[in-house]
Amino acid sequence: RAESFTGSGESVYIWGAQLTESAKPLPYVKTLDVAVTKTFAETLRTEYDAVTGENLGALIEGGSTNLCTYSEDFSNAAWNNLNCPITTNAAIAPDGTLSANKMTPSTTSGIHRVKQAITITSGNTYTHSLYCKPAGYNFLEVGFYNSQVGEYSTATVNLTNGSFTELITGTSFTNVSVIVKKVNDYFKITVTATIADVTADAYIRNNNNTPDSSVGRQFAGDGTSGVYIWGSQVEAQPFASSYIRTEGAAVSRSADNLSVSPYAAINPSETSFNVVFDSASPTADFPMAFKHNALNSEYYRLYPSGDFAVMHIATDFVVASGGSWVVGEVQNFSGTYDGTTSKLYVNKVFNQQDAISEPLVIDPANPFYIGMWASSLHINGHISKFSTYAQALTAQEITLL
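Since we're looking at a predicted model, the values are computed, not measured. (Residues numbered from 1 in each chain as written. Predicted model: local features only at pLDDT ≥ 70, side-chain atom pairs only at ≥ 80, totals over all residues. Heavy atoms only, no water.)

### A few points about the overall build of the protein
(1) Moving on: A tally of helices and strands in the protein yields three helices and 27 strands.
(2) Moving on: When its C-alpha atoms are laid out on the principal axes, the protein stretches across 75 × 65 × 35 Å.
(3) Moving on: Counting only residues that meet the buried cut, the protein has 46% of its 401 residues in that class.
(4) Moving on: In the protein, the share of contacts with a sequence separation of at least 24, taken over all contacts with a separation of at least 6, comes to 67%.
(5) Moving on: Here the protein has roughly 19200 Å² of accessible surface; of this, 51% comes from carbon and sulfur atoms.
(6) Moving on: Here the protein contributes 21 positive and 35 negative side-chain charges, whose respective centroids are spaced 5 Å apart. (Helix = DSSP H or I, 4+ residues; strand = E, 2+ residues; numbered from the N terminus. Buried < 20%, exposed > 50% of the residue type's maximum accessible area, 1.4 Å probe, protein only. Contact = heavy atoms within 4.5 Å. Areas by Shrake-Rupley, 256 points an atom, 1.4 Å probe, with all protein chains shown as cover. Lys, Arg positive; Asp, Glu negative; His and termini not counted. Charge placed at Lys NZ, Arg CZ, Asp CG, Glu CD.)

### Concerning the pattern of salt bridges
(1) Moving on: The tally for this structure, following the rule as stated, stands at nine salt bridges.
(2) Moving on: Measuring nitrogen to oxygen at the nearest pair gives 3.3 Å for the salt bridge that ties Glu 72 to Arg 245. Placement of the pair is Glu 72 in the loop between strand S3 (64–66) and strand S4 (80–82) and Arg 245 in the loop between strand S15 (226–235) and strand S16 (251–253), with a sequence separation of 173 residues.
(3) Moving on: Note on Glu 72: relative accessible area 8%, which makes it buried.
(4) Moving on: For Arg 245, a relative accessible area of 32% translates into the label partly exposed. (Salt bridge = Lys/Arg side-chain N within 4 Å of Asp/Glu carboxyl O.)

### Observations concerning the sheet that holds strand S10 (residues 151–158)
(1) Moving on: Strand order in this open sheet of six strands is S4-S7-S14-S9-S10-S11, and the pairing throughout is antiparallel. Strands with a single pairing partner mark the edges of an open sheet, and in this sheet they are S4 and strand S11 (164–169). Put simply, the sheet's adjacent strands are angled 15° from each other on average, direction ignored.
(2) Moving on: The sheet contact formed by S4 and strand S7 (residues 113–119) spans three bridges and is antiparallel. The residue bridging Asn 80 from the neighbouring strand is Lys 115, located in S7. (Pairing = 2+ DSSP bridges. Axes fitted to C-alpha atoms, helices over the stretch in contact; angles between N-to-C directions.)

### Focus on the packing of aromatic side chains
(1) Moving on: For the structure shown, the criterion picks out 19 aromatic pairs.
(2) Moving on: A ring pair is formed by Tyr 145 and Tyr 152, whose centres lie 4.6 Å apart and whose planes are at 35°; its orientation type is tilted. Accessibility classification places Tyr 145 together with Tyr 152 in one group, the buried group.
(3) Moving on: Note on Phe 277 and Trp 325: the rings are 5.2 Å apart at their centroids and 50° apart in plane angle, and the pair reads as tilted. (Phe/Tyr/Trp six-rings, centres within 6.5 Å; stacked < 30°, edge-to-face > 60°.)

### Topic: the pairing of strand S9 (residues 139–146)
(1) Moving on: Of all the eight residues making up S9, eight are buried; the element is thus mostly covered by neighbouring parts of the structure.
(2) Moving on: Taken together, the seven bridges between S9 and strand S14 (residues 199–207) define a ladder with antiparallel strand orientation. The residue of S14 that forms the bridge with Phe 139 is Asn 207.
(3) Moving on: Both S9 and S10 contribute to a ladder of eight bridges, which runs antiparallel. Within S10, the residue paired with Glu 141 across the bridge is Thr 156.
(4) Moving on: Counting the residues between successive antiparallel strands, the hairpin from S9 to S10 contains four residues, one of them, Gly 150, with a positive phi of roughly 70°.

### Details of the side chain of His 128
(1) Moving on: Tracing the backbone shows His 128 in strand S8 (residues 125–135).
(2) Moving on: Given a relative accessible area of 0%, His 128 falls into the buried group.
(3) Moving on: A polar contact of 2.8 Å, which involves the side chain of His 128, links it to the backbone oxygen of Gly 143.
(4) Moving on: Look past the residues within four positions of His 128 in its chain and what remains in contact with it is Val 142, Gly 143, Phe 144, Ile 189, Thr 190, Val 191, Ala 202, Tyr 203, Ile 204, Ser 232, Gln 233 and Val 234. (Polar contact = N/O pair within 3.5 Å; in protein donor to acceptor, adjacent residues only side chain to side chain.)

### Things to note about the nonpolar core
Across soluble globular proteins, nonpolar side chains show a tendency to be buried alongside one another.
(1) Moving on: Leu 140, Phe 144, Leu 159, Ile 204 and Ile 229 are the most contacted members of the largest nonpolar core, which totals 33 residues.
(2) Moving on: Looking at this core, the element that brings in the most residues is strand S13 (residues 186–195), giving five residues.
(3) Moving on: Grouped together as the second largest cluster of nonpolar side chains are 32 residues, Ala 58, Leu 360, Phe 368 and Ile 379 included. (Core = buried A, V, L, I, M, F, W, Y, C linked by side-chain atoms within 4.5 Å.)

### A look at the confidence of the model for the protein
(1) Moving on: Confidence in the prediction of the protein, expressed as mean pLDDT, is 90, and 92% of residues score 70 or more.
(2) Moving on: Between the elements of the protein, mean pLDDT differs from a low of 64, seen in helix H1 (residues 213–216), to a high of 98, seen in S15. (pLDDT = per-residue confidence, 0-100.)

### Thoughts on the environment of Leu 344
(1) Moving on: By the element assignment, Leu 344 lies in strand S24 (residues 341–346).
(2) Moving on: In this structure Leu 344 comes out as buried when scored by relative accessible area, which is 0%.
(3) Moving on: As a C-alpha pair, Leu 344 and Ala 309 span 35 residues in sequence and 9.1 Å in three-dimensional space.
(4) Moving on: Setting aside anything within four residues of it in sequence, one finds Leu 344 in contact with Phe 273, Leu 302, Ala 309, Met 311, Val 318, Ala 320, Ser 334, Gly 335, Val 349, Phe 350, Asn 351 and Gln 352.

What follows is the structure, encoded as structure tokens:
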């Protein structure tokens, strides 16, 4: 394009030019005649629903590591490429940057795929997640490949509607699960498996517009049609966390630890709470909606036991009915404590109550943790609402929260 031209006399307003050495846009810093350096402190992370724009709340996750060393550049040699030219920076990615790659099957008849070797611990569970959308081809295989025994654990996904049409699982992969979620105009495909080996490949394979991978794997592309891909992430845990960008080495993200002073959050003689959240953590990991270690090793906390929600006050438990704690869905719990009785509400409807045998005694030395406990037991989800009250609310007042 020409750098100079003859204008028409029209004008454009401009303001706030800024160039930063960072992987994401940063808040604006005004300059006059020299570069200005400013340190930005990390604040509470929030996320918004990609479809509705709704604020999902504070993101509370445990620490994690993306084991894919190049999460966005699929042209890098770390990705073993077979018959699949890669065009970098070909489309706007889910994070709003021009960083999505186009994976275009060549005209060579055969398999068209990319894969990256990941060092793992045999017998552990791993999750591979990837964002993708069609660019001529509507089906894509995503998951793992065990090159030692030639076995796959992949899901073939229809990129027009997000349905996964086929799941392939070799004997070296167990406890396999698949989640497909719409993110803007992309689908986030997540494949989880327990892997019985010490190496596995993060695996992405084009499919010739058929839901049957055994038919669609071997084909000759037209050299133009393909699929946009972005954000490959492999984590040593049974679910996908928020995206961690890599550029040559595995990158770790610190845990989100949220806590407040206990006296600012709890009235020890009479109190109520309301918490709304979603959690990706397996219930066997005991994710904490909130927790305070009271005196004498007693507690004020809300957590799951299987699919039962449990409110624990001092030495007494209130256990909600089965199915009250649902992984991956928004949860709404309220509880009240009046010094003699504790009550638990699910979705603002009374569920269970229990007599209190000992009073709640707050320990000022211990914080009140929200969405986790002392750097562990994170919900790995969002806290969209948390409130406490200095009195035991009535059932009618609970409905108004």
